[in-house]
Amino acid sequence: MAPLQVLSVFVASFIFMQTLGNSQTCTDCFVHSRAAHYPNSEEKGTETGSCGFGTFGATINGGDVSAASELYRNGLGCGACYQVRCTDSNYCSAKGVTIVVTDQGAGDRTDFILSQRAFARMAQTTDAVTSILPLGVVDIEYRRVSCSYPDKNITINIEESSNNPHYLAFVIWYQQGKRDITAVQLCETQNFVCKLLDRTHGAVWTTTSPPRGPLKIRMLLSVDDGDEAWVVPVNNIPENWKAGDTYDSGIQVDE
């Protein structure tokens, strides 16, 4: 092969590897967008969010929560955490705020509608808060980050609509790490026969005629690159489960 051809092949290979390297590291890159805030919210989020978290959805993460538009992903995005920071250096901090998605909503070309508390926490100072809140909508950049609740295990909250033994609906609280919960199975603890649950809306998983006896949950945690793993909590849902109860899974997931 002629020297010029060798050089051309080398340059092309270098550019390809650089492009591939950039695409592989871009999971931590910031994406440019816009964010608004709930116009009528106070310090915390809404208790009627589309994810189905209820009161928990208004208070989780200290009230630093948000509605999402495309990032809601038909409920798959519920519970995901994002670092969000506004871009005006006159008012905005470099750290921004970490929010949890608890609702679905879109504004004027926005990816997030933040609680007023979360929106204000993007500001550098208290004085800066009074400047950015009246704007209503600001330019931002965001990236997905790992959710962390050091003092909390993943928790199962039985929906009020549940009726033992005919119908079971629950939401998963304190979703941790950067993985999505893409499937949930409910298993009998004696013979380990499992039933795949339906995601009816948001983060609500349901089944009719659930298995009898103590129940073991299996959660499929997935990431965008296709990597996925089933996680089985230490603790079971007891046989006498009832609507409104919460059950500690006994596990945390850091990835």
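Rules and cut-offs
Residues numbered from 1 in each chain as written. Predicted model: local features only at pLDDT ≥ 70, side-chain atom pairs only at ≥ 80, totals over all residues. Heavy atoms only, no water. UniProt positions renumbered as here; feature names shortened; annotations may be inferred. Helix = DSSP H or I, 4+ residues; strand = E, 2+ residues; numbered from the N terminus. Buried < 20%, exposed > 50% of the residue type's maximum accessible area, 1.4 Å probe, protein only. Contact = heavy atoms within 4.5 Å. Areas by Shrake-Rupley, 256 points an atom, 1.4 Å probe, with all protein chains shown as cover. 1 Å grid on protein atoms, 1.4 Å probe; cavity = no way out; pocket = protein on both sides within 12 Å on 5 of 7 lines; lining within 4 Å. Points joined across faces, edges and corners; volume = space filled by probe spheres on them. Nonpolar A, V, L, I, M, F, W, Y, C, P; charged D, E, K, R; others polar. Disulfide = S-S within 2.5 Å. Pairing = 2+ DSSP bridges. Axes fitted to C-alpha atoms, helices over the stretch in contact; angles between N-to-C directions. Salt bridge = Lys/Arg side-chain N within 4 Å of Asp/Glu carboxyl O.

- The protein chain appears in an unreviewed UniProt entry as Expansin-like B1 from Anisodus tanguticus.
- As stated in UniProt under Sequence similarities (unreviewed entry), the record for the protein chain gives "Belongs to the expansin family."

## What to know about the overall build of the protein chain
Here comes step 1: Within the protein chain, the secondary structure is distributed over 4 helices and 15 strands.
Here comes step 2: Looking at the 255 residues of the protein chain, the share that counts as buried comes to 47%.
Here comes step 3: Once local pairs closer than 6 in sequence are excluded, the contacts in the protein chain between residues at least 24 apart make up 69%.
Here comes step 4: Of the roughly 13,200 Å² of accessible surface on the protein chain, a fraction of 51% belongs to carbon and sulfur atoms.

## A short note on the layout of surface pockets
Here comes step 1: Quantified by volume, the largest pocket comes out at close to 470 Å³.
Here comes step 2: For the largest pocket, the lining is made up of 17 residues, of which Cys26, Thr27, Arg144, Lys178 and Asp224 are closest to its centre.
Here comes step 3: Among the elements that make up the lining of the largest pocket, the one with the highest residue count is strand S6 (residues 137-145) (3 residues).
Here comes step 4: Across the lining of the largest pocket, the residue classes break down as 7 nonpolar, 3 polar and 7 charged.
Here comes step 5: Of the volumes computed, that of the second largest pocket is approximately 160 Å³.
Here comes step 6: What lines the second largest pocket is Asn61, Asp64, Gln83, Lys95, Gly96, Val97, Thr98, Arg121 and Val145.
Here comes step 7: For the lining of the second largest pocket, the per-class residue count stands at 2 nonpolar, 4 polar and 3 charged.

## Overview of empty space enclosed by the protein
Here comes step 1: Under the counting rule described, the total for this entry stands at 3 cavities of 30 Å³ or more.
Here comes step 2: Around the largest cavity, the lining residues are Phe53, Gly75, Leu76, Cys78, Gly79, Ile172, Gln175, Ile181, Arg199, Ala203 and Trp205.
Here comes step 3: Class assignment for the residues of the lining of the largest cavity results in 7 nonpolar, 3 polar and 1 charged.
Here comes step 4: When its volume is computed, the second largest cavity comes out at roughly 50 Å³.
Here comes step 5: Forming the boundary of the second largest cavity are Ile156, Ile217, Pro233, Asn235, Asn236, Ile237, Tyr247, Asp248 and Ser249.
Here comes step 6: Partitioned by chemical class, the residues of the lining of the second largest cavity number 5 nonpolar, 3 polar and 1 charged.

## Notes on the state of the cysteines
Here comes step 1: For the structure shown, the criterion picks out 4 disulfides.
Here comes step 2: Residue pairing for cysteine 51: its cysteine sulfur links by disulfide to cysteine 78, the two sulfurs lying 2.1 Å apart. Disulfide cysteine 51-cysteine 78: torsion about the S-S bond near -90°, hence left-handed. Within this pair, whereas cysteine 51 is found in the loop between strand S1 (31-37) and helix H2 (55-59), its partner cysteine 78 is found in the loop between strand S2 (65-68) and strand S3 (81-86), the two being separated by 27 residues in sequence. This pair shows no difference in class: cysteine 51 is buried, exactly as cysteine 78 is.
Here comes step 3: The partner cysteine of cysteine 86 in its disulfide is cysteine 92, sulfur to sulfur 2.0 Å. In this structure the cystine formed by cysteine 86 and cysteine 92 twists about its S-S bond by roughly -115°; its chirality is therefore left-handed. Pair check on accessibility: cysteine 86 and cysteine 92 agree, each one buried.

## Notes on the sheet that holds strand S9 (residues 180-188)
Here comes step 1: Judged by pairing direction, the sheet is antiparallel, and its 4 strands sit side by side in the order S10-S9-S13-S14 without closing on themselves. Every interior strand has two partners, whereas the edge strands, strand S10 (194-196) and strand S14 (228-231), have only one. Averaged over all pairs of adjacent strands, the angle between strand axes in this sheet comes to 25°, irrespective of strand direction.
Here comes step 2: Where S9 meets S10, 3 bridges bridge the pair, whose relative direction is antiparallel. Directly across from glutamine 185, in S10, lies its bridge partner leucine 196.

## Observations concerning the pattern of salt bridges
Here comes step 1: In total, this model carries 11 salt bridges according to the counting rule given.
Here comes step 2: Residues aspartate 64 and arginine 121 are paired through a salt bridge, measuring 2.8 Å at the closest nitrogen-oxygen approach. Here aspartate 64, found in the loop between H2 and S2, pairs with arginine 121, found in the loop between helix H3 (116-120) and helix H4 (126-132); they are 57 residues apart in sequence, far enough to count as distant.
Here comes step 3: What you see here is one network of salt bridges that share partners, running through Arg34, Asp108, Arg109 and Asp139.

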